[in-house]
Amino acid sequence: MRPPILLTLLLAAVSLPASDAAKNLPKFEGGDIHKYWMDACARCHGVNGNGRDNNGSQLPDNGFDFTDSRKANKKKDSDWIKITLEGKDKMPSFKDKMTQADVEQMIPIMRKFSAK
Ligand code: HEC
């Protein structure tokens, strides 16, 4: 049987952007931590932390809705620091891009998404 070429192409098209999101992640060089969210985190978590792009579509590698205060309030800062540094499943490790102090600076940004 011939390989279902269309399906293969479709799968490639669907899976490519997903794996690309973890590539070429910039290193935090100091400065504006919010800008770093935009540069390094928003591609998966969204500019507003809700895992959606500017058109409101779900991003492929989004893993957590930071705007869901019910869920976010259950999470400890220390958990978020650990996951950011070490990674988890599709969440890449940032330990070669950020120091623990950098991640601590990022916590208020993540908390603010659910503060309404
Ligand atoms: C390639 C996509 C991607 C990038 C880039 C990314 N994340 Fe994530 N992140 C994820 C996914 C997927 C999860 C869910 C992991 C899981 O629980 O399986 C996640 C989970 C998290 C969590 C844990 C949330 C929870 O309580 O379950 C934190 C905190 C987090 N990311 C912070 C960040 C920060 C800060 C950045 C930028 C410095 C970032 N992420 C960049 C994909 C990404």
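My aim in this report is to walk through the structure given alongside it, one point at a time. These figures come from a predicted structure and were not determined experimentally. Throughout, a residue's number is its position along its own chain's written sequence, starting from 1. This being a predicted model, a pLDDT of at least 70 is required before a residue's local features are given, and a value of 80 or more before pairs of side-chain atoms are given or counted; all residues contribute to the totals for chains, interfaces and linings. Side-chain numbers here rest on the full set of heavy atoms in the structure, without hydrogens or water.

Now for unusual backbone geometry. Phi at asparagine 24 is positive, roughly 55°, even though this residue is not glycine. Per the convention used, a helix needs a DSSP run of H or I reaching at least four residues, while a strand needs a run of E reaching at least two, with both numbered from the N terminus. By secondary structure assignment, the location of asparagine 24 is in the loop between helix H1 (5-20) and helix H2 (33-45). Judged by relative accessible area, which is 74%, asparagine 24 ranks as exposed. Phi is positive for aspartate 89, close to 50°, though the residue is something other than glycine. Looking at where aspartate 89 falls in the secondary structure, it is placed in the loop between helix H4 (77-86) and helix H5 (100-112). Exposed residues in this analysis have more than 50% of their type's maximum accessible area, buried residues have under 20%, and partly exposed residues fall in between, with area computed by a 1.4 Å probe over protein chains only. With relative accessibility at 78%, the residue aspartate 89 sits in the exposed group.

In the vicinity of the ligand lie 27 residues, with Cys41, Cys44, His45, Trp80 and Met91 positioned nearest. By the criterion applied in these results, polar contacts are pairs of N or O atoms within 3.5 Å in which, for protein atoms, one can donate a hydrogen and the other can accept it, and in which residues neighboring in sequence qualify only through two side-chain atoms. At 2.7 Å, a side-chain N or O of histidine 45 approaches a nitrogen atom of the ligand. Lysine 75 is positioned such that a nitrogen or oxygen atom in its side chain is 3.0 Å from an oxygen atom of the ligand. Listed by contribution, the elements that provide at least two residues to the shell around the ligand are H2, H4 and H5. Residues were grouped as follows: Ala, Val, Leu, Ile, Met, Phe, Trp, Tyr, Cys and Pro as nonpolar; Asp, Glu, Lys and Arg as charged; and all remaining residues, including Gly, as polar. Residues belonging to the shell around the ligand are distributed by class as follows: 18 nonpolar, 3 polar and 6 charged. To be near a molecule or strand, a residue needs just one of its heavy atoms within 4 Å of it.

Right, let's get into the coordination of the iron atom of the ligand. Taken together, the protein ligands of the iron atom of the ligand are His45 (NE2) and Met91 (SD), with distances of 2.0 to 2.1 Å. Relative to the metal, the 6 donor atoms surrounding the iron atom of the ligand lie at angles of 85 to 180°, and the coordination shape comes out octahedral. One end of the pair, histidine 45, is in helix H2; the other, methionine 91, is in the loop between H4 and H5, and 46 residues separate them in sequence. We call an atom a donor if it is N, O or S and sits within 2.8 Å of the metal, or 3.2 Å for Na, K and Ca. Water is not counted, so some sites may look partial. In these descriptions, tetrahedral denotes four donors with every angle between 85 and 135 degrees, square planar four donors and octahedral six donors with opposite donors over 155 degrees apart and the rest between 65 and 115, and irregular any other case.

This paragraph deals with the pattern of salt bridges. Between side chains of opposite charge, a pair can form when the charged atoms approach closely. For this analysis, a salt bridge means a side-chain nitrogen from Lys or Arg found within 4 Å of a carboxyl oxygen belonging to Asp or Glu. Across all of its chains, the model carries 6 salt bridges by this definition. Across the salt bridge formed by lysine 23 and aspartate 20, the nearest N and O atoms sit 3.4 Å from each other. Lysine 23 gets classed as partly exposed once you look at its relative accessible area, which sits at 47%.

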